[in-house]
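# Chains, contacts and geometry: an overview
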Amino acid sequence: MNILNVVGTRPNLMKIAPLIEEMRKHSDVCPTLLHTGQHYDDKMSQVFFDELGIPAPDIYLGIGSGSHAEQTARVMLAFEQVLVEKHPDVVVVVGDVNSTMACSITAAKLWIPVAHVEAGLRSFDRRIPEEINRVVTDALSDLLFTTSRDANENLLREGVAAERIFFVGNVMIDTLLRHRERAMALNTPARFGLQVGEYALLTLHRPSNVDVREVFSGILDALVAIQQHLPILFPVHPRTRERIAEFGFSPRLADAPNLRLTEPLGYLEFLDLMMHAKMVLTDSGGIQEETTILGIPCLTIRESTERPITITEGTNTLVGTSPGRIIAEAQRILSGDSKVGRTPELWDGRAAERIVAIIRRVVGGGEQLGAGLR
Ligand code: UD1
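This report concerns the structure included in the present document. (Residues numbered from 1 in each chain as written. Predicted model: local features only at pLDDT ≥ 70, side-chain atom pairs only at ≥ 80, totals over all residues. Heavy atoms only, no water.)

## Quick look at helix 5 (residues 129–140)
Helix length check: helix 5 (twelve residues) gives 17 Å between terminal C-alpha atoms against 16 Å at 1.5 Å per residue, within 8%. Its buried side turned inward, helix 5 meets strand 4 (90–94), helix 4 (98–109), strand 5 (114–117), strand 6 (143–146) and helix 6 (149–157). (Helix = DSSP H or I, 4+ residues; strand = E, 2+ residues; numbered from the N terminus. Expected span 1.5 Å × (residues − 1). Contact = heavy atoms within 4.5 Å.)

## Considering the side chain of Asn316
If you trace the backbone, Asn316 turns up in strand 13 (residues 316–318). Side-chain polar atoms of Asn316 contact the side chain of Gln288, separated by 2.9 Å. Discounting chain neighbours no more than four positions away, the residues touching Asn316 are Gln288, Thr292, Cys298, Leu299, Thr300, Thr310, Ile311 and Lys339. (Polar contact = N/O pair within 3.5 Å; in protein donor to acceptor, adjacent residues only side chain to side chain.)

## Let's talk about the site of the ligand
Near the ligand lie 19 residues; those nearest to it are His39, Asn98, Glu130, Arg239 and Glu242. Between the ligand and Ser65 there is a distance of 3.4 Å, counted from an oxygen atom to a side-chain nitrogen or oxygen. Residue His237 places a side-chain N or O atom 2.9 Å away from an oxygen atom belonging to the ligand. When isolated, the ligand has an accessible area of 730 Å², and the protein chains bury 89% of it. Breaking the shell around the ligand down by element, the ones donating at least two residues are helix 3 (68–86) and helix 11 (238–246). In terms of residues, the shell around the ligand owes the most to one element, helix 11, which gives three residues. Of the residues contributing to the shell around the ligand, the split by class is five nonpolar, nine polar and five charged. (Near = heavy atom within 4 Å. Areas by Shrake-Rupley, 256 points an atom, 1.4 Å probe, with all protein chains shown as cover. Nonpolar A, V, L, I, M, F, W, Y, C, P; charged D, E, K, R; others polar.)

## A word on the pairing of strand 6
Burial of strand 6 is two-sided: the residues Leu143 and Phe145 facing one way and the residues Leu144 and Thr146 facing the other way are all buried. As defined by bridge partners, strand 5 adjoins strand 6 across three bridges and the pair is classed as parallel. By the bridge assignment for strand 6, His116 is matched with Leu144. Where the polypeptide runs from strand 5 across helix 5 and back to strand 6, its parallel neighbour, the crossover connection is right-handed. Of the crossover connections in this fold, the one passing from strand 6 over helix 6 to the parallel strand 7 (residues 165–167) is right-handed. (Buried < 20%, exposed > 50% of the residue type's maximum accessible area, 1.4 Å probe, protein only. Pairing = 2+ DSSP bridges. Right-handed = clockwise from strand over helix to strand, strands pointing away.)

Interpretation in functional terms is not warranted from these geometric data alone.
Here it is as structure tokens:
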């Protein structure tokens, strides 16, 4: 069985790593890895291949940056050629980035089955580009692998046939559990001059937060206030770095000596920093899940989340973007009032094993899934 696995961006890499590793254990499976090149900086891509032991991509499309339409269209044009040439038995896409959606559309139109890993997540806010990617990808996928039961419910509500939906757990957590020990041995906080449990870790890159000057400025006000009580380490995404320069925020950052900016970090360093932080402030999707497993309080600087289980069962709190609320919630944690979460069902490090078993059974066995699987 030829399985074509797609990655495009940094968060896709943590998700594909355990899947490829599992696929390689089975002699009836021949996995190929395709990188669209949506993320291309070494720090956003190559370092994760090295650390997570992902084999070099068999196919690299070199798409790069652009508007949503440009990026999506370029991936589709290049991916169509690959599919026509290789005609895999199934295409595996992960997550919710532009590459995920572009490849699922292209494969579906060529009648090649699509398996979507991390299906069914919904923020119910279509101003978020990833929400559109999620809805389109799920509508076109033949096999939908979910991380939580609420995702199954979302898909059923949208009319996806129950027999195509598989609740399997979380591949991102497979990766975290596999690398946790190695990360812990790195002593990363000390290398940044930070004390264990006495700093906050921050990430910020959502267009709705960093592309709108007033919103970014308000978040910065909150960060400037918080860093007076707790040092904040801030690995800066390239998009965010560009906005800081464009909006002229550098002097404000220079006036906040405990808010320390660094380049984007590798997976292991970041994991080490996360697990030893007092709190994490973020607008990322995956970090809400990782902090839940690590038991570290997470303040999510967004108005909505597609991962409600991290709030109901985990350590996550949605704080929006108003400075007052962000500061108040950070103060609450500093005063010792932190959420204590529990591990969500099936986030046990075996999601990839379940997914590959299902793909082998359904695709390899030629099992019919309604009208969907062709
Ligand atoms: C993308 C995903 C987002 C994911 C994020 C993780 C979409 C719609 N968004 O957002 O869901 O959370 O990746 O990081 O697919 N850039 C570089 N070097 C790179 C990549 C990007 O400099 O290697 C800069 C470019 O200026 C680019 C900008 O960052 O225009 C944004 O990159 P893009 O891939 O469009 O989206 P992300 O914001 O990274």
